[in-house]
Amino acid sequence: MSTTDALLQNNRRYAATFDQSGKPMPPARNVAILTCMDARLHPERFLGLEIGDAHVIRNAGGRASDDVLRSLIISSQLLGTREYLVIHHSDCGMLTLSNDEVHNKLAAETGADASDIDFLPFSDLEESVRDDVRRIRQSPFIPANIPVTGYIYDVDTGALTPVDGAAV
Ligand SMILES: [Zn+2]
């Protein structure tokens, strides 16, 4: 059985006892979380979130890319979220690479030029959190009264630690 088949089988079991219908679209806890796609992070569990509670936006590194800003603008302006958390994590894969390395690898493996893609790697975990908090804050389309705070999640302990200077 492929992984896809196994997942579809899991979903049939899930849907058979699903009892969360009828929830409103706006997040009940009025919060949006930006974090990394890393498979070791389970933000709903480590933050105690239930279905319907929060917007959780994930990408490689948990970076505040243009598309994340798009989602956060929708989140606040159309769906009423009023607090944002940015969560990066220990042992992140984005700490281990550079744009040049990825560009060269892609050129070698695909023959296509990816040099205009910024993969948003970083070398300093706390600085990347501060950069992304600042980038969200600087969007003119995100209300200034929304607190944006930044944290590092430890993949070995499950604990979140606030990042100094990452609260605006
Ligand atoms: Zn990561």
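What this report covers is the structure whose coordinates are included nearby.

Here is what the cut-offs are and how they apply
Within each chain, residues carry numbers counting from 1 in the order of the written sequence. Confidence filtering applies because this is a predicted model: local features only for residues at pLDDT of at least 70, side-chain atom pairs given and counted only at 80 or more, and all residues used for totals across whole chains, interfaces and linings. With hydrogens and water set aside, each side-chain value is computed from the structure's full complement of heavy atoms. Secondary structure counts use DSSP, requiring at least four H or I residues in a row for a helix and at least two E residues in a row for a strand, with both numbered from the N terminus. Note on classification: 1.4 Å probe, protein chains only; a residue is buried when its accessible area is under 20% of the maximum for its type, exposed when over 50%, partly exposed between these limits. The contact definition used throughout considers only heavy atoms, calling two residues in contact when any of these lie within 4.5 Å. In short, Shrake-Rupley with a 1.4 Å probe defines the accessible areas, and a residue's cover is counted only from the protein chains shown. Under the counting rule used here, the positive set is Lys and Arg, the negative set is Asp and Glu, and His together with the chain ends is not counted. By convention, the point assigned to a charge is CZ for Arg, NZ for Lys, CD for Glu and CG for Asp. Atoms of type N, O and S within 2.8 Å of a metal are treated as its donors, and for Na, K and Ca the window is 3.2 Å; water is not considered, so some sites may appear to be missing partners. Each nonpolar core is a collection of buried residues, namely Ala, Val, Leu, Ile, Met, Phe, Trp, Tyr and Cys, held together in the definition by side-chain atoms within 4.5 Å. At least two DSSP bridges between two strands are required for those strands to pair. Axes here refer to lines fitted to C-alpha atoms; in helices the fit is confined to the stretch in contact. Angles between the N-to-C directions go from 0 to 180 degrees. Note on aromatic pairs: the rings of Phe, Tyr and Trp (six-membered ring only in Trp) are paired at centre separations within 6.5 Å, and the planes decide the class, stacked below 30 degrees, edge-to-face beyond 60, tilted for the rest.

1. A look at the overall build of the protein chain
Summing up its helical and strand segments, the protein chain has 5 helices and 5 strands in all. Ordered by position from N to C terminus, the α and β elements of the protein chain give α-β-α-β-α-β-α-α-β-β. The C-alpha extent of the protein chain, read off along each of the three principal axes, is 50 × 50 × 35 Å. When burial is assessed residue by residue, the protein chain has 36% of its 168 residues classed as buried. A separation of at least 24 residues holds for 66% of the contacts in the protein chain among residues at least 6 apart in sequence. When the accessible area of the protein chain is evaluated, it comes to approximately 10000 Å², of which 52% is carbon and sulfur surface. When the 15 positive and 24 negative side-chain charges of the protein chain are each reduced to one mean point, those points stand 8 Å apart.

2. Examining the coordination of the zinc ion
Around the zinc ion, the protein contributes the donor atoms C36 (SG), H89 (NE2) and C92 (SG), which lie 2.0 to 2.3 Å from the metal centre. Along the chain, the residues donating to the zinc ion are arranged with the sequence spacing C-x52-H-x2-C. With C36 in strand β1 (residues 31–36) and H89 in strand β3 (residues 83–89), this residue pair connects regions lying 53 residues apart in the sequence. Given a relative accessible area of 4%, C36 falls into the buried group. On the basis of relative accessible area, H89 is assigned to the buried category, the value being 0%.

3. Let's talk about unusual backbone geometry
Residue N30 is not a glycine yet carries a positive backbone phi of 55°. For N30, a relative accessible area of 33% gives the class partly exposed. In this structure, L120 takes a positive phi of about 60° despite not being glycine. The residue L120 is located in the loop between α4 (99–110) and α5 (125–137) in this model. Assessed through its relative accessible area of 27%, L120 is described here as partly exposed.

4. Thoughts on the nonpolar core
By size, the foremost hydrophobic cluster in this structure holds 33 residues, and its most contacted members are L34, L72, Y84, I87, I136 and I142. Considering each element in turn, this core owes the most residues, 5 residues, to β1. Other than its neighbours up to four places away in sequence, Y84 contacts A32, L72, S75, S76, I136, I142, I146, P147, V148 and T149.

5. Overview of the sheet that holds strand β2 (residues 54–59)
Pairing between sheet strands relies on hydrogen bonds along the backbone, with the strands arranged either parallel or antiparallel. Spatially, 5 strands are ordered β2-β1-β3-β4-β5 in an open sheet, and the strand pairing comes out mixed. The open sheet has two edge strands with one neighbour each: β2 and β5 (160–167). Across the sheet, the mean angle separating the axes of adjacent strands is 25° when strand polarity is ignored. Both β3 and strand β4 (residues 148–153) contribute to a ladder of 6 bridges, which runs parallel.

6. Focus: the packing of aromatic side chains
All told, the structure shown has 2 aromatic pairs when counted by the stated rule. Seen from their ring centres, Y14 and F18 are 5.6 Å apart, and the 50° between their planes marks the pair as tilted. For Y14, a relative accessible area of 47% corresponds to the partly exposed category. F18 sits in the partly exposed class, given a relative accessible area of 40%. On the basis of an interplanar angle of 20° and a centroid distance of 4.1 Å, the ring pair of F46 and Y153 is categorised as stacked.

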